[in-house]
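What the coordinates show
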Amino acid sequence: MTNFLQLLFNGLGIGAIYALVSLGFVLLIRAASVVNFGQGEFSMLGAYLLVIFFNIFGINYYLGMALSVVIMAGFGVIFAYTTYWPLRFRGGLPVIISTIGASIFLENMVLVLYGPSSVAIDGLFESDGFEIGGVFLATQYLAIIVIATILVVFQYLVFEKTLLGKKLQATSQDKEMASLLGIPVVFMILITFAYSSAMGGLAGMLVAPLLFVSVNMAGIIALKAFAANIIGGYGSIPGAILGGLALGVIETMGASYISVPYKDAFAFAMLLAFLMVRPQGMFGEKISEKA
Amino acid sequence: MILTRRAALVTAAVTPFAIGRARAADTLKIGVIAPLTGVVAEPGRIQLNSLRLAAAKINAAGGVMGKPVELLVEDDASSNPGAVLAFSRLAQNQDIVGFIGSIRSTVMNAMAPDMLKLGKPVMFGGTDPTLTHQGNPWLFRCRPNDSYSARVIADFCVNSLKLKKVALVHSTDAFGTGGKNALLPNLAKMGVEPVLVQGYANNQPDFTPVVQAVKQSGADVLTSYFTNEPDCAIFARQLRQLGVRTPWVGSPSVQSPVTRGLAKNALYGTYAVADFVEDSNPQALSFANDYRAAHKESPDSGWTYDGLMILTKAITDAKSTDPTKIRAAILAIKKYAGTEGEYNFDANGDGLHGYNIVVNNNDKIEYKQHIEFTD
């Protein structure tokens, strides 16, 4: 039983990471109809900023995180102007390809500027964790679960209960109509990119103490976060969080009880199963519902 | 002699190429396939620094057959397709007389068929034993293969630590699988049946299932073949967090500077087999001092340095750049004192036949013993 609970906790922990990154995908899908394959690189850049502030300049850890989030928000605006804006009338595919290109560029830029070495960084708490009933609860995983929950509630409230959220969704659905209604479309899109980039950066800072900071730190996580987004329901906020958690738990349990080497395969088998049986995902496809 | 205008034009057009070719032939060209980008770019950087140090030393001593050594480097991007592409680019250059290959067995396996077709000597560091046992006469290994690391790990666990309930964790790539396939028969010879043999795929963010499997196996000693250092570090930390205190005897990645920098105290007290240990022989110490003076950091390996030294020594011995003659000269090398140990090439192309055991004593790597095999 202890073994099961340990696997469940760590599965939820890794699932919360997928959920956190997945939220970044969802935001851009809902507000700008953009699938951003540079989302993983946002996480990588956020983690490197924290390394620069905390490891190199010795700035207070939490202040370093706050500064990194602000810088990442600014970076999101630059990303939008360079990757999305010139292609905004060309449909979804050119923008997707553009984000893939941007992710390759960002990876290599960091490689040139910082080098290939992985870097260790401290966690949010001094203690690695504590034990309850034989189950080790890692503090960083706990923090990720709590922060992911707060962010999902915040994001849900913004989209569903505020005028800003309605404007963002209106922009996503029909930019021309939104503009005719007096919604500042450009500003809405820039806000979305800024928030998505800041949140991606925050996700990177939270996972950095667990996975170390490296150019490739977010590659597989971003892929699984995207899979979580499909499993939960394309563009659905509750879907992103539940899809992420389900993916984390199932791959951990599958690895432990069936086969460790096929751990990644469980995640993608789950994705395939959903695409065949319930392509709209757990919570339904937010985008198709709107159409 | 009357030079017509047409002949003058032809001469003028051809002369720069002729000079270019003459210049190209003025150096002894060695092709290098190294991971300069991607997940293993960090060891790639150290390997390249070591090669440049060796080339500088050779050139300062007058070069090889009167020619300075020139390294032509291609990035394998830490991937098999990248390596195949890198090698094919270099293979087109007919002036290259030999190659420095990869430390990664999976990459070497990918390039090996093209290396066989080209037919020029390749010095490499991958430790999958099958690489020198698959009928490719052009591969020469400058690190001890995993059959030796496996023998040393088995010997150390059973005879030195007196522990027989062995768990084995290995990557499922060519290196990890090769290590597993080498360790199991060696344990069997000592009458040991492992209580756990657990493979994993590279680049995992979480090792909880593997750690729990080790914990539940009841093993009293853990052995491992990790390919990527971050994987090894994440596993080490989770192992300690989940309360596993079992002695750990691993492949070289357990004591590499990169892994120790990431895992920190989670690796204290662990043992590892190590091909390169600074204080294990005078050549290693001298190389490490030169490396530190040039790069302000310690090297974690000397195989590329040895590889270039041996390749150029063989060319000097053969007095020729003919591949067949170089091959014969490499195989004739015996009792060559390199940084990784004493090289005695066997008919398969393996230069080294033993390993060191080291222990991580509060982040200081201490040399414990060297185990050499003559059979």
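**Quick notes on the sheet that holds strand 5 (residues 139-141) of chain B**
Residues and elements named next belong to chain B. Spatially, 2-1-3-4-5 is the arrangement adopted by the five strands of the open sheet, whose pairing is parallel. Here the strands that pair on one side only, and so sit at the sheet edges, are strand 2 (69-75) and strand 5. Neighbour-to-neighbour, the strand axes of the sheet open up by a mean angle of 25 degrees, direction not taken into account. Note that strand 1 (residues 28-34) and strand 3 (residues 96-100) share four bridges and pair parallel. Residue pairing for strand 3: V32 is matched across the bridge by I100.

**Some points on the sheet that holds strand 7 (residues 196-200) of chain B**
All names here are of chain B. Here seven strands make up an open sheet; going across it, the order is 7-6-8-9-10-13-14 and the pairing mixed. Unpaired on one side and paired on the other, strand 7 and strand 14 (364-372) mark the two borders of the sheet. Strand-to-strand, the axes of this sheet are offset by a mean angle of 20 degrees, without reference to chain direction. In terms of strand pairing, strand 10 (residues 271-274) meets strand 13 (residues 354-361) through four bridges, oriented antiparallel. If you follow V273 over to strand 13, its bridge partner there is I357.

**Observations concerning the environment of I121 of chain A**
On the secondary structure map, I121 of chain A appears in the loop between helix 4 (92-114) and strand 1 (129-132). The residues contacting I121 of chain A, other than those within four sequence positions of it, are L50, V51, F54, N55, Y61, A208, P209 and V213 of chain A.

**As for the nonpolar core**
F193 and V213 of chain A together with F235 and W248 of chain B are the most contacted members of the largest nonpolar core, which totals 126 residues. Apart from residues no more than four positions distant in its own chain, W248 of chain B is found in contact with L222, S224, F226, C232, F235, A236, L239, R240, V254, L267, T270 and Y271 of chain B.

**Comments concerning the state of the cysteines**
Enumeration according to the criterion identifies zero disulfides over all chains in this entry. Here C157 of chain B is not cross-linked by a disulfide; its sulfur's nearest cysteine counterpart is in C232 of chain B, at 15 Å.

**Some points on the interface of chain B and chain A**
The partner chain A presents 29 residues to the 29 residues of chain B that form the contact. When chain B packs against chain A, close to 2,400 Å² is buried across both sides, 59% of that on carbon and sulfur atoms. Linking chain B with chain A are zero salt bridges, by the criterion used here. Linking chain B with chain A are ten residue pairs in polar contact (both at pLDDT 80 or more). For the side of chain B that touches chain A, the secondary-structure elements that each account for two or more residues are helix 2 (41-60), strand 7, helix 7 (208-217), helix 8 (229-241) and helix 9 (257-263) of chain B. Tallying contributions element by element places helix 8 of chain B first for the side of chain B that touches chain A, with six residues. Grouping the amino acids of the side of chain B that touches chain A by side-chain chemistry returns twelve nonpolar, 13 polar and four charged.

**Focus on the pairing of strand 7 of chain B**
All names here are of chain B. Taken across its five residues, strand 7 has four buried, putting it largely inside the fold. One ladder, built from five bridges, connects strand 6 (residues 166-171) with strand 7; its direction is parallel. Bridge assignment links H170 to a residue of strand 7, and that residue is G199. Following the backbone out of strand 6, through helix 6 (residues 174-189) and into the adjacent parallel strand 7, one traces a crossover that is right-handed.

**A look at the packing of aromatic side chains**
All names here are of chain A. Summed over all chains, the structure comprises 32 aromatic pairs over all chains. An angle of 55 degrees between the planes, with centres 5.4 Å apart, marks the rings of F25 and F226 as tilted. Linking F25 in helix 1 (residues 2-32) with F226 in helix 9 (residues 219-232), this pair joins segments that are 201 residues apart in sequence. Like F226, F25 is buried. For the ring pair F79 and F193, a centre distance of 6.2 Å and an interplane angle of 40 degrees mean the geometry is tilted.

**Some details on the packing of helix 2 of chain B against helix 11 (residues 303-318) of chain B**
Residue and element names in this part refer to chain B. Relative orientation of the contacting elements helix 2 and helix 11 amounts to 35 degrees, with a least axis distance of 7 Å. The handedness of the crossing between helix 2 and helix 11 is right-handed. In contact with Q47, S50, L51, L53, A54, A55, K57 and I58 of helix 2, helix 11 contributes W303, T304, Y305, L308, M309 and T312. Here the residues of the contact of helix 2 with helix 11 are counted per class, giving nine nonpolar, four polar and one charged.

**A few points about the domain arrangement of chain B**
Size of an interface, as often reported, equals the accessible area lost when the parts are brought together. All names here are of chain B. Parsing chain B into structural domains produces domain 1 (27-144 + 280-343) and domain 2 (147-274 + 357-372). If you look at the interface, domain 1 gives 15 residues, while domain 2 gives 13 residues. For the pairing of domain 1 and domain 2, the buried interface totals around 1,000 Å² over both sides, and the portion due to carbon and sulfur atoms is 64%. At the surface where domain 1 touches domain 2, the tally comes to zero salt bridges. Take the side of domain 1 that touches domain 2: its biggest share by element is three residues, from helix 4 (residues 105-118).

Rules and cut-offs
- Residues numbered from 1 in each chain as written.
- Chains lettered and ligands numbered in written order.
- Predicted model: local features only at pLDDT ≥ 70, side-chain atom pairs only at ≥ 80, totals over all residues.
- Heavy atoms only, no water.
- Pairing = 2+ DSSP bridges.
- Helix = DSSP H or I, 4+ residues; strand = E, 2+ residues; numbered from the N terminus.
- Axes fitted to C-alpha atoms, helices over the stretch in contact; angles between N-to-C directions.
- Contact = heavy atoms within 4.5 Å.
- Core = buried A, V, L, I, M, F, W, Y, C linked by side-chain atoms within 4.5 Å.
- Buried < 20%, exposed > 50% of the residue type's maximum accessible area, 1.4 Å probe, protein only.
- Disulfide = S-S within 2.5 Å.
- Buried area = accessible area lost by both parts, 1.4 Å probe.
- Salt bridge = Lys/Arg side-chain N within 4 Å of Asp/Glu carboxyl O.
- Polar contact = N/O pair within 3.5 Å; in protein donor to acceptor, adjacent residues only side chain to side chain.
- Nonpolar A, V, L, I, M, F, W, Y, C, P; charged D, E, K, R; others polar.
- Right-handed = clockwise from strand over helix to strand, strands pointing away.
- Phe/Tyr/Trp six-rings, centres within 6.5 Å; stacked < 30°, edge-to-face > 60°.
- Left-handed = near helix turned anticlockwise from the far one by under 90°.
- Domains from an automatic or database assignment.

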